[in-house]
Amino acid sequence: MAGTSAFALALTGCTPTAPAGASAAPPRQASAPALPLPAPSQAPAADHPPPLTPEEQHIRVLVTQVEAAYARGSADYQKGALADAKVEFDRAVDLMLSCGIDIRANAELQDEFDKIVDLVNGLEMEALKQGNGFVPNEEITPSEAASDITFASDPNLVAKATADLATTKSDLPLVVNDYVASYINFFANTQKGHNTLLHSFQRSGHYKAMIQRILADEGVPQDLIYLAVAESGFQPQAVNRRSRAGGMWQFMPGPYYGLKRDSYVDERFDPEKSTRAYARYMKFLYDQLGDWYLAMAAYDHGAGNIQHEVAKTGYADFWELYKRNELPRETSNYVPEILAAIIVANHPDQYGFSDMTLDPPILTDTVTINYSIDVRLVSDLVGTPVDEIEALNPSLLRMVTPPDSPFDLHLPAGTAALFDQRVALVPEPRRNSWRYHPVVAGDTLASVAEEYRVSTADLAKVNQLTTGDSIASVEALIVPVPPAAEPSAHSRLYTVRRGDTLVTIADRFGVSLRELRSWNNIPSGIRVIPGRRLHVVEPLPIRTAIRHRRATYTAGSRPKLGTGSASRKGASESKPRRDASTRRSPGQASGRPASPAPRKAPSRAAKAGAATRAGTAHKSAGLAKTAQ
């Protein structure tokens, strides 16, 4: 974010950055330490104060805006909304850095700047003592929250859920038994279960309408949306570090499901495209197995494995396989967990979720481009923070779009026309490095050239000016920023930690300070606020040397490209972060569950056309065996 370059005192000439609003709100921390409020700056009292100059008036207005932003951040901080507080604190700093006045040359601004930065840094240190500072951790899924919990069967809850089932409208054949009721109990009657499911439901609002539309298009039951509860908690950039499964639907890396994956793009992280792949894959599994419960189990365990268990027992019935302990513990719990989430979602008030408010849908404009463009230029053109552009385009692995293939670029709603108008001013071959700079009061060719580290002569030439021209009447400048070192497939996101500087980070990754600044649009200085995510391109010899340091990367980092498994998760390690070998069932009731009578297995005759009908390119060992 722009505010994270708060210590680079020489920045000038930018429009103040509005807070990003497209990304899902992170989980709020319960409390925050007490914080000081800055004393408002006041002009010296005078009986007859002299009239203020335009610059002094500008400074007075600016200080008022800065302290208002800090006050809003303080209010968010006190409520425990640390991510929202960080946005406002960054804005307070941005306002000063973009004011067009040399802070170092103005004592009042320098004092205000130092005061705000000191206060924010102090709050960051206090927040770090309680957790992860202003940077929220990726939230665990409800299934992860329940991984080590065991519940006794509750006949009363079974009876209540069974009664609720009579009024539940679902396009799945829902059933309530001890296993499902155990998860309902966890979600309804424990704080941990309630909070994780509540946050999952809230995040679903961003994507619910889109997912429902795609499921309807593909002829898949609408309630299969709740597989995302178990897979990611509706977090589109969730990554399982051990298995490398990624995205809202936790697909394994590999050339499967019709999702594009190369050195520029990984469509597993694109909410809409991955949902389309998910719907088609679920339809494929149903065509193979003839039962939605078995299809859900196969999504977790693999179709070949489920077919093997069906052939072994003679029963094509999930509950019969459950009772016979033929399934891994994780897969046994997978289906009951999803059914419980469906029942709770249909009766939120009955299970303590009356406080649930869905996040608003993410609305975007989409333009299809066939050239490479830097997301920082996109940010310039539509006047939106870089972080928001990145959040709207989570499939991008680099700071630039692919050069040789079409890409659906998502923009904030209502900005497509502005983007088209302004991008035409930048030559297409230069869109992967050049910038667009709106001119503000006080800008000169020299100051803009200094800000972007280009020569004044080059800046003037590109804009058909001479070096002595005034730009007071110019709306914007095209800035000929030279291309940075060519990004590679090994671009990383690094979260700045306490004590880091740009120098230490550059040294850690074996890159130059100039490169690090260029990749992250940091014109000067070496200090950087903890919590900022920096783009780093690792030189090849360094990658091997720092493998042991991978824990420094953020939990949401995109995975390193590789060949990966041929199945969605792999047969024996379906989701290692929830270890199937150690996970205990939340409900191990004895006796036959209250489920439909088991059905004898149908013929295992090949359905070779199913993959084509489902529009899927899945090549797992189990499906390949089935198709023979």
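Predicted model, so just to flag it, every value in this text is computed and none were measured.

*Asks:* Can you lay out the overall build of the protein chain for me, pointing to particular residues and giving the numbers?
*Replies:* Regarding its fold elements, the protein chain presents 24 helices and six strands. Residue burial in the protein chain is summarised as follows: out of 628 residues, 54% are buried. Counting contacts in the protein chain only where the partners sit at least 6 residues apart, residues at least 24 apart contribute 73% of the total. As presented, the protein chain carries roughly 26,600 Å² of accessible surface, and 52% of it is formed by carbon and sulfur atoms.

*Asks:* Break down helix 12 (residues 303-313) for me, with residues and values.
*Replies:* Listed as buried for helix 12 are A303, G304, I306, Q307, E309, V310 and T313. Downstream of helix 12 by one or two residues, G314 has phi in the positive range, about 85 degrees.

*Asks:* Account for the environment of W319, with residues named and values stated.
*Replies:* One can find W319 in helix 13 (residues 318-323). Measuring from C-alpha to C-alpha, the distance between W319 and P336 comes to 9.8 Å, with 17 residues separating the pair along the chain.

*Asks:* Could you give an account of the packing of aromatic side chains, naming the residues involved and the relevant values?
*Replies:* Overall, the coordinates contain 18 aromatic pairs when judged by the stated rule. Plain terms: the ring middles of F318 and Y322 are 6.0 Å apart, the flat faces sit at 85 degrees to each other, and that makes the pair edge-to-face. Pair noted here: F318 and Y322 are both in helix 13, with a separation of four residues, about one helical turn. Given the relative accessible area of 1%, F318 is considered buried. With 6.2 Å between their ring centres and 25 degrees between their planes, W319 and Y322 make a pair best called stacked. Pair noted here: W319 and Y322 are both in helix 13, with a separation of three residues, about one helical turn.

*Asks:* Any chance you could break down unusual backbone geometry for me, citing the residues and the numbers?
*Replies:* Phi at N325 is positive, roughly 55 degrees, even though this residue is not glycine. Tracing the backbone through its elements, the reader meets N325 in the loop between helix 13 and helix 14 (329-346). Notably, R453 is not glycine yet its phi reads approximately 60 degrees, a positive angle. Examined against the element boundaries, R453 turns out to sit in the loop between helix 18 (445-452) and helix 19 (456-462).

*Asks:* If you had to explain the packing of helix 5 (residues 155-165) against helix 6 (residues 178-189) to someone new, which residues and values would you point to?
*Replies:* Relative orientation of the contacting elements helix 5 and helix 6 amounts to 95 degrees, with a least axis distance of 9 Å. On the basis of their axis angle, the class for helix 5 and helix 6 is roughly perpendicular. Residues L157, V158 and A161 of helix 5 form the contact with helix 6, whose participating residues are D178, A181, I184 and N185. In the contact of helix 5 with helix 6, the residues fall into five nonpolar, one polar and one charged.

*Asks:* Account for the pattern of salt bridges, with residues named and values stated.
*Replies:* The full count for this structure, using the stated rule, is 18 salt bridges. We note a salt bridge from K115 to E67, for which the minimum N-O separation is 3.1 Å. One end of the pair, K115, is in helix 3 (residues 107-130); the other, E67, is in helix 1 (residues 54-78), with 48 residues separating them in the sequence. E112 is the partner of K115 in a salt bridge, and the nearest nitrogen-oxygen pair spans 3.2 Å. Placement of the pair is K115 and E112 together in helix 3, with a separation of three residues, close to one helical turn. On the accessibility criterion, E112 (1% relative accessible area) is buried. A single salt-bridge network, built from bridges that share partners, covers D217, E218, R276 and R280.

*Asks:* Got a sec to walk through the packing of helix 6 against helix 7 (residues 191-204)? Specific residues and values, please.
*Replies:* Put simply, helix 6 and helix 7 touch, their axes get as near as 5 Å, and they point 90 degrees apart. With respect to each other, helix 6 and helix 7 are oriented roughly perpendicular. When helix 6 is examined against helix 7, the residues F186, F187 and N189 are found in contact with a partner set consisting of Q191, K192, G193, H194 and L197. Class assignment of the residues belonging to the contact of helix 6 with helix 7 gives a composition of three nonpolar, four polar and one charged.

Each value, and the rule that gives it
- Residues numbered from 1 in each chain as written.
- Predicted model: local features only at pLDDT ≥ 70, side-chain atom pairs only at ≥ 80, totals over all residues.
- Heavy atoms only, no water.
- Helix = DSSP H or I, 4+ residues; strand = E, 2+ residues; numbered from the N terminus.
- Buried < 20%, exposed > 50% of the residue type's maximum accessible area, 1.4 Å probe, protein only.
- Contact = heavy atoms within 4.5 Å.
- Areas by Shrake-Rupley, 256 points an atom, 1.4 Å probe, with all protein chains shown as cover.
- Phe/Tyr/Trp six-rings, centres within 6.5 Å; stacked < 30°, edge-to-face > 60°.
- Axes fitted to C-alpha atoms, helices over the stretch in contact; angles between N-to-C directions.
- Parallel < 35°, antiparallel > 145°, perpendicular 65-115°, else oblique.
- Nonpolar A, V, L, I, M, F, W, Y, C, P; charged D, E, K, R; others polar.
- Salt bridge = Lys/Arg side-chain N within 4 Å of Asp/Glu carboxyl O.

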